[in-house]
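Analysis of the macromolecular model
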Amino acid sequence: MKVAVFGATGTIGAPLLPLLAREHEVVAISRKPRESEAGIEWREADASDATSVRRALEGVEVAYYLVHSLGTSDFEERDLRAASTIAQEAERAQLRQLIYLGGLGENEDELSPHLRSRIETGRRLESGAVPVTTLRAAMVIGPGSAAFETVVALVDRLPAMVCPRWVGVPTQPIALDDALAYLTGVCGLEQAFGRSFDIGGPEVMTYRQMIERIARLRGKHPLIVEVPLLTPRLSSYWLHLVTPVKAAVARPLIEGLRSETVARESAIAELVPFRLTPFDEAARDALNYSSSSRS
């Protein structure tokens, strides 16, 4: 099939391209022009601009939507506007399937704007006639993941941490390779059309446990003190001081950490079965990649 990827330069999109290119013709879509390469045709489009999206979807059968506007002050409005455009133009182009990577989280009224936006974006994509396959994930463990790199930076830079209570909230992180396996596995899979799946790694843990396990891999033993008064806003500013993640990105991420992000069902395992990567193995691979890329 001819498969398009919106968000082709991102943390998920970039490594997804060569995997898709093994079996499909790939159209990689970005807002800036790029030279095409073996098996991958680059097309220029802005997800909010109907005309450019229409051109980008010419001849396409399946499209991945991996775009988000985190880091802008109006990311919720931007994401909804872009999702509406994609839904309309996918219907116009008579695509067989849209594939969307969203976020985990229940009790919508209590979710942060970021997590709520991921749910609303998925609904907006579903407003068209093209069946949508939604994969819902928590933190992705891999190079380039803002949430993962924030935790690593905390471990590397702080011998002691004063953390808010959200470090005790359960989550179910997933290895980047596993997220990619699910994304490629549902491509063109009719049993997945019009369905939403929770995806997660094999372990549920708290953010504190995650910090401690990454610290062990780094040979560190940070002192962690939990306090009740560190608000999400203060947490984001604090992270901005000690990590590479900007406050505009960190704040919505931190606000989302107040909610449990745990997979509630595992139906995807029947459609796309494989061995899930344990957390320590995924973190070690990501850390080794980051170290080798800097050397």
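Residue positions are counted from 1 within each chain, in the order its sequence is given. For this predicted model, a pLDDT threshold of at least 70 governs which residues receive local features, and a threshold of 80 or more governs which side-chain atom pairs are given and counted, while totals over whole chains, interfaces and linings are taken from all residues. Think of the side-chain values as coming from all heavy atoms in the structure, minus any hydrogens and water.

1. Details of the layout of surface pockets
Of the two site types, the cavity is a set of points on a 1 Å grid over the protein atoms alone where a 1.4 Å probe fits but cannot get out, and the pocket is an open set with protein on both sides within 12 Å along at least five of seven lines, each lined by residues with an atom within 4 Å of a point. Grid points are joined across faces, edges and corners, and a volume is the space filled by probe spheres set on the points. Size it by volume and the second largest pocket reaches roughly 240 Å³. Lining the second largest pocket are 13 residues, with G142, P143, L176, D177 and D285 sitting closest to its centre. The helix and strand labels rest on DSSP assignments: H or I over at least four residues marks a helix, E over at least two residues marks a strand, and numbering proceeds from the N terminus. Of all the secondary structure elements, the ones that give two or more residues to the lining of the second largest pocket are helix 6 (176–185) and helix 11 (279–294). Looking at the lining of the second largest pocket element by element, the count peaks at 5 residues for helix 11. Its residues assigned to classes, the lining of the second largest pocket comprises 8 nonpolar, 2 polar and 3 charged. All amino acids are sorted into three groups, where Ala, Val, Leu, Ile, Met, Phe, Trp, Tyr, Cys and Pro are nonpolar, Asp, Glu, Lys and Arg are charged, and the leftover types, Gly among them, are polar.

2. As for the packing of aromatic side chains
For this analysis, a ring pair means two rings from Phe, Tyr or Trp (six-membered ring only for Trp) whose centres lie within 6.5 Å, classed as stacked if their planes differ by under 30 degrees, edge-to-face if by over 60, and tilted for the remaining angles. Applying the stated criterion across every chain, the model contains 2 aromatic pairs. Here Y65 and Y100 contribute two aromatic rings whose centre-to-centre distance is 6.3 Å and whose plane-to-plane angle is 40 degrees, an arrangement assigned as tilted. Note that Y65 is positioned in strand 4 (residues 62–65) and Y100 in strand 5 (residues 97–103), a separation of 35 residues in sequence. Exposure classes here rest on a 1.4 Å probe applied to the protein chains alone. A residue is buried below 20% of its type maximum, exposed above 50%, and partly exposed in between. Given a relative accessible area of 1%, Y100 falls into the buried group. Here the aromatic rings of Y182 and F274 are separated by 4.7 Å at their centres, their planes lie at 55 degrees, and the arrangement is tilted. Placement of Y182 in helix 6 and of F274 in the loop between helix 10 (268–271) and helix 11 is noted, with a sequence separation of 92 residues between them.

3. Brief notes about unusual backbone geometry
Phi is positive for Q94, close to 55 degrees, though the residue is something other than glycine. Mapped onto the fold, Q94 is located in the loop between helix 3 (75–92) and strand 5. Classification of Q94 as exposed rests on a relative accessible area of 68%.

4. Section: the sheet that holds strand 11 (residues 196–198)
What the 7 strands build is an open sheet, ordered 3-2-1-4-5-6-11; its pairing is parallel. In this open sheet, the two edge strands, each paired with only one partner strand, are strand 3 (40–44) and strand 11. Ignoring strand direction, the axes of neighbouring strands in this sheet form an average angle of 20 degrees. One ladder, built from 5 bridges, connects strand 2 (residues 25–30) with strand 3; its direction is parallel. The rule for pairing is simple: two strands pair if DSSP sees at least two bridges between them. Axis definition: a line fitted to C-alpha atoms, over the contacting stretch in the case of helices. Angles run 0 to 180 degrees between N-to-C directions.

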